[in-house]
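One letter stands for each residue in the lines below.
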Amino acid sequence: MYERRRPGAVLFDRDGTLIRDVPYNGDPDRVELMPGAAEALARLRRADVPVAVVTNQSGVAKGLISPDDMDQVNARVEELLGPFDAWAICVHDDVDGCTCRKPAPGLVIRAAAVLDVSPRDCVVVGDIGRDMEAARAAGARGILVPTEVTRPEEVEQAPEVAADLTDVADRVLNDLEAATPVGAGARWSRAMGWSRW
Ligand SMILES: [Mg+2]
Ligand SMILES: [Zn+2]
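Chains are numbered independently. Their residues run from 1 in the order of the written sequence. Each chain gets a letter, beginning with A, and each ligand a number, beginning with 1, in the order they are written. Two thresholds apply to this predicted model, a pLDDT of at least 70 for residue-level local features and 80 or more for giving and counting side-chain atom pairs, whereas whole-chain, interface and lining totals are computed over all residues. Side-chain descriptors were evaluated using all non-hydrogen atoms of the structure, hydrogens and water having been removed beforehand.

Engineer: Pulling in residues and values, what's your account of the overall build of the protein?
Structural biologist: Across its full length, the protein holds eight helices and five strands. A run of H or I in DSSP counts as a helix once it spans at least four residues, and a run of E counts as a strand once it spans at least two, with each numbered from the N terminus. Going residue by residue from the N terminus, the α and β elements of the protein occur as β-α-β-α-α-β-α-β-α-β-α-α-α. Long-range pairs, those at least 24 residues apart, make up 64% of the contacts in the protein with a sequence separation of at least 6. Within the structure as shown, the protein displays about 9700 Å² of accessible surface, and the carbon and sulfur contribution to it stands at 51%. Only heavy atoms enter the contact rule, under which two residues are in contact if any of them lie within 4.5 Å. Calculation of accessible area relied on Shrake-Rupley with a 1.4 Å probe; when residues are assessed, cover is drawn exclusively from the protein chains displayed.

Put into C-alpha cells, the structure is as follows:
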C-alpha cells in the first residue's frame with residue numbers, strides 16, 4: 001500500500017540506527033556512524049526528502065546523562081551527518097507514562113507536526129520492535145534495520161526489513177521515482193498557519 005508514494009519525511013531512530021548503540025552515551029567522542037548512514041542521508045536530502053531523528057533518551061530521566069551531554073552527542077551526530085530538519089526526543093523513562101517514549105507514537109507525531117507532513121506519509125527507520133510499534137501506532141511506514149542485538153521475533157514481526165541504510169535509501173527513493181512532487185504552496189501555507197495535509 002505504500003509503494004509509489006512520495007514520503008513526507010524519513011524519521012530515523014538514533015542509537016543502533018544512525019550511530020552505533022553505546023548505552024547512555026554522553027560522550028561526543030564515542031559517536032560512531034552506522035554503515036551507509038552518511039550516504040543514505042545525502043541521497044535523501046538530494047531528493048528533497050526531509051529527514052529527522054526520533055530518539056528515546058531515558059538516560060536523562062535516569063540521571064545517567066545530563067541534557068547538556070545529550071545535546072553534545074546530538075551536535076556531534078549533526079557534525080558527522082549534516083543538519084536534520086527536526087529532532088524529536090523523549091527524555092522520559094517507562095515509569096513516567098509519557099506519550100512520546102517509543103513504542104508510543106508521540107515522537108513520530110511530533111516530528112511530523114514540526115515538518116508539517118502527515119505521519120501517514122512518514123517512513124520510520126529503526127533497529128528494534130519499539131521503533132516499528134511507534135511507526136504502526138502513528139500510521140507511518142516502518143522499516144527495520146536489524147543489528148546483532150535485534151531479537152529474531154522483532155525481525156519476524158517487522159512490517160519491512162532492510163539490510164542496511166543503503167537499502168533503506170534504495171527502497172524510499174525507488175518509491176519516489178514514480179511519485180508526484182509536493183506542491184509549491186507549501187511555504188506560504190505554513191506561514192499562514194495552515195496545514196498542508
Ligand atoms: Mg535504536
Ligand atoms: Zn517521553
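Engineer: Can you lay out the pattern of salt bridges for me, pointing to particular residues and giving the numbers?
Structural biologist: In what follows, salt bridge is the name for a side-chain nitrogen of Lys or Arg lying within 4 Å of a carboxyl oxygen of Asp or Glu. By the definition in use, this model includes 15 salt bridges. For Asp94, the salt bridge is made with Arg130, and the minimal N-O distance between the two is 3.3 Å. Taken together, the residues span a long stretch of sequence, with Asp94 in the loop between strand E3 (86-90) and helix H4 (106-115) and Arg130 in helix H5 (residues 129-138) at a distance of 36 residues. Here Glu133 and Arg136 are joined by a salt bridge, their closest N and O atoms 2.7 Å apart. Linking Glu133 with Arg136, this pair stays in helix H5, spanning three residues, or about one helical turn. Given a relative accessible area of 30%, Glu133 falls into the partly exposed group. Because the salt bridges share partners, they merge into one network encompassing Arg141, Glu160, Asp167 and Arg171. The classification of residues rests on relative accessible area computed with a 1.4 Å probe and restricted to protein chains. Under 20% of the type maximum is buried, over 50% is exposed, and intermediate values are partly exposed.

Engineer: Describe the nonpolar core, listing the residues and the values that go with them.
Structural biologist: Buried Ala, Val, Leu, Ile, Met, Phe, Trp, Tyr and Cys residues that are joined via side-chain atoms within 4.5 Å together make up what is termed a nonpolar core. Within the largest apolar cluster, 27 residues are counted, with the highest numbers of intra-cluster contacts made by Phe12 and Leu165. Of all elements in the fold, only strand E1 (9-12), helix H1 (37-46), strand E2 (51-56), helix H3 (67-81), strand E4 (122-126) and helix H7 (165-177) reach the threshold of two or more residues within this core. For this core, the element with the most residues is H7, which contributes five residues. Residues contacting Phe12, with those up to four places away along its chain left out, are Thr17, Leu18, Leu41, Leu44, Val51, Ala52, Val53, Val54, Val125 and Leu165. Ala52, Cys90, Leu115 and Val117 belong to the second largest nonpolar core, which has 20 residues in total.

Engineer: Which residues make up the coordination of the magnesium ion (ligand 1), and what values do they have?
Structural biologist: The donor definition counts N, O and S atoms within 2.8 Å of each metal and applies 3.2 Å to Na, K and Ca; water is not among these atoms, so some sites may look incomplete. Here the magnesium ion (ligand 1) is held by the protein donor atoms Asp13 (OD), Asp15 (O) and Asp127 (OD), which lie 2.2 Å from it. When the donors of the magnesium ion (ligand 1) are listed by position in the chain, the intervening gaps give D-x1-D-x111-D. For the pair Asp13 and Asp15, one class covers both residues: buried.

Engineer: So what's going on with the coordination of the zinc ion (ligand 2)? Residues and values would help.
Structural biologist: Each pair of donors in an ideal octahedron of six around a metal sits at 90 or 180 degrees, and each pair in an ideal tetrahedron of four sits at 109.5 degrees. Within the first shell, the zinc ion (ligand 2) binds the protein through Cys90 (SG), His92 (ND1), Cys98 (SG) and Cys100 (SG), at distances of 2.0 to 2.3 Å. Four donors are marked tetrahedral only if all angles between them lie between 85 and 135 degrees, whereas four are marked square planar and six octahedral if opposite donors are more than 155 degrees apart and the other angles lie between 65 and 115; the remainder are marked irregular. Because the angles between the four donor atoms bound to the zinc ion (ligand 2) fall within 101 to 117°, the donor set is best described as tetrahedral. All donors of the zinc ion (ligand 2) come from a single chain, and their spacing in sequence reads C-x1-H-x5-C-x1-C. For Cys98, a relative accessible area of 22% gives the class partly exposed.

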